[in-house]
Amino acid sequence: GNFGATNYLLSTDGELYLNYLDQAGDRYAYHQALTLHATTEVNHRTGVYTLAPLFVAAGDLDLNLAGTLQATEEGIRTDVRLESESGTLVDVIKIIPPTYSGPFRELETEGNLELAATVRGGWTETTYPRIEGLLNFTGGSVGSHKADVSIEDLNLNAVFTYLDGPKGGAQNVEVNQFTGR
C-alpha cells in the first residue's frame, strides 16, 4: 500500500502462530496456527478499514470476513460478517476461547459445516460488540476416545447471540435441531 496516501489498498499474505492471546484475564487463543490473505481499503481521514475480504484459515476452517472496522477514541467500531462452509465442528471449537470450550476441545468430528455470523458495535475496554450467528452441522459424527462415546448421523442447527448488557455480557444459544443416534 501507499502508506502516505489518505486512501489506499493494502494487500496482506502471511502465516501466524499464536502461542496464546489473553485479554483481561480471558484466554482467546491457544496454540493456533493461522493463514491470512487480505485486501483492505484504508481511509486515514475517517479511520475506516474496509475488509474486502479478509480470508483466515485455522486448521481446515476457512473463514471469509467482509465489512468495516473503525478506530475510535474508545476502541474499535465493528460491522463485520464472517462465513464458512469448510472445516469441522472441532475447528469451530478451537477458535472459541478455552474458558468456554473446555472439555469440548477433546472431541473428534466429521460432517458438513456451515457457519455465519455478524459482529456489530463498539469494542472497548468495557464493551463488546453484538455477535449473532448460525451454526449448521449436518451428516456428521462426534466422538471422544477419552470418554468412549460417539454419535452418528448428527444434525445440529443452532443460533447464537452475544450482546453487551447493563450488567455485563449475555450469551444465548438456541438449538433449533439436534438429532443423531
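What counts as what
- Residues numbered from 1 in each chain as written.
- Predicted model: local features only at pLDDT ≥ 70, side-chain atom pairs only at ≥ 80, totals over all residues.
- Heavy atoms only, no water.
- Helix = DSSP H or I, 4+ residues; strand = E, 2+ residues; numbered from the N terminus.
- Buried < 20%, exposed > 50% of the residue type's maximum accessible area, 1.4 Å probe, protein only.
- Contact = heavy atoms within 4.5 Å.
- Areas by Shrake-Rupley, 256 points an atom, 1.4 Å probe, with all protein chains shown as cover.
- Core = buried A, V, L, I, M, F, W, Y, C linked by side-chain atoms within 4.5 Å.
- Pairing = 2+ DSSP bridges.
- Salt bridge = Lys/Arg side-chain N within 4 Å of Asp/Glu carboxyl O.
- Phe/Tyr/Trp six-rings, centres within 6.5 Å; stacked < 30°, edge-to-face > 60°.
- 1 Å grid on protein atoms, 1.4 Å probe; cavity = no way out; pocket = protein on both sides within 12 Å on 5 of 7 lines; lining within 4 Å.
- Points joined across faces, edges and corners; volume = space filled by probe spheres on them.
- Nonpolar A, V, L, I, M, F, W, Y, C, P; charged D, E, K, R; others polar.

Asker: Outline the overall build of the protein chain, supporting the account with residue identities and numerical values.
Answerer: Per the secondary structure count, the protein chain includes two helices and nine strands. Its helices and strands in sequence order give the protein chain the pattern β-β-β-β-β-α-α-β-β-β-β, from N to C terminus. Across the 181 residues of the protein chain, 31% fall into the buried class. For the protein chain, the share of sequence-separated contacts (at least 6 apart) that also reach a separation of at least 24 residues comes to 45%. A total accessible area of about 11,200 Å² is found for the protein chain, and carbon and sulfur atoms account for 53% of it.

Asker: Lay out the nonpolar core in plain terms, naming residues and giving numbers.
Answerer: Residues L65, L135 and F137 are the most contacted members of the largest nonpolar core, which totals 22 residues. Sorting the residues of this core by element identifies β2 (26-43), β3 (48-58), β4 (61-71), β5 (75-84), α1 (89-95), β6 (108-124), β7 (130-144) and β8 (149-165) as the ones contributing at least two each. Looking at which element gives the most residues to this core, the answer is β3, with four residues. The residues touching L65, leaving out its near neighbours within four places in the chain, are L51, P53, L54, V56, V80, R81 and L82.

Asker: I'd like to hear about the side chain of S144, residue by residue, with values.
Answerer: Inspection of the secondary structure puts S144 in strand β7. Here S144 falls in the buried class, since its relative accessible area comes to 13%.

Asker: An account of the pairing of β4 is needed here, citing residue identities and associated values.
Answerer: For β3 and β4, the ladder comprises nine bridges, and the chain directions are antiparallel. Looking at the pairing, L54 lines up with L65 of β4. Linking β3 to β4, which pair antiparallel, is a turn of two residues; within it G59 sits at a positive phi near 65°. The hairpin formed by β4 and β5 contains three residues between the paired strands.

Asker: Tell me about the pattern of salt bridges, and please be specific about residues and values.
Answerer: This structure, assessed with the given rule, holds four salt bridges. For D79, the salt bridge goes to R120, with nearest N and O atoms at 2.9 Å. Of the two residues, D79 sits in strand β5 while R120 sits in strand β6, which places them 41 residues apart along the sequence. With its nearest N and O atoms 3.1 Å apart, the salt bridge here joins R81 to E83. Residue R81 is classed as partly exposed on the basis of its relative accessible area of 36%. On the basis of relative accessibility, which here comes to 40%, the residue E83 falls in the partly exposed class.

Asker: An account of the packing of aromatic side chains is needed here, citing residue identities and associated values.
Answerer: Tallied over the entire structure, the rule returns two aromatic pairs. Their ring planes at 70° and their centres at 6.4 Å tell us that W123 and Y128 sit as a pair that is edge-to-face. W123 sits in the partly exposed class, given a relative accessible area of 36%. Measuring from centroid to centroid gives 6.2 Å for Y128 and Y162, while their planes differ by 80°, and the two rings are edge-to-face. A residue pair is termed long-range when its members are at least 10 positions apart, and Y128 in the loop between β6 and β7 and Y162 in strand β8 qualify at 34 residues. Judged by relative accessible area, which is 24%, Y128 ranks as partly exposed. What makes Y162 buried here is its relative accessible area of 18%. Put simply, the rings of W123, Y128 and Y162 touch in pairs and so form one group of aromatic residues.

Asker: For the layout of surface pockets, give the residues involved together with the corresponding values.
Answerer: As a volume, the second largest pocket reaches approximately 150 Å³. In terms of lining, the second largest pocket is formed by E108, T109, E110, S141, V142, G143, S144, H145, D148, V149, S150 and E152. When contributions to the lining of the second largest pocket are tallied by element, the ones reaching two or more residues are β6, β7 and β8. Per element, the largest residue contribution to the lining of the second largest pocket is four residues, and it comes from β7. For the lining of the second largest pocket, the class distribution of residues is two nonpolar, six polar and four charged.

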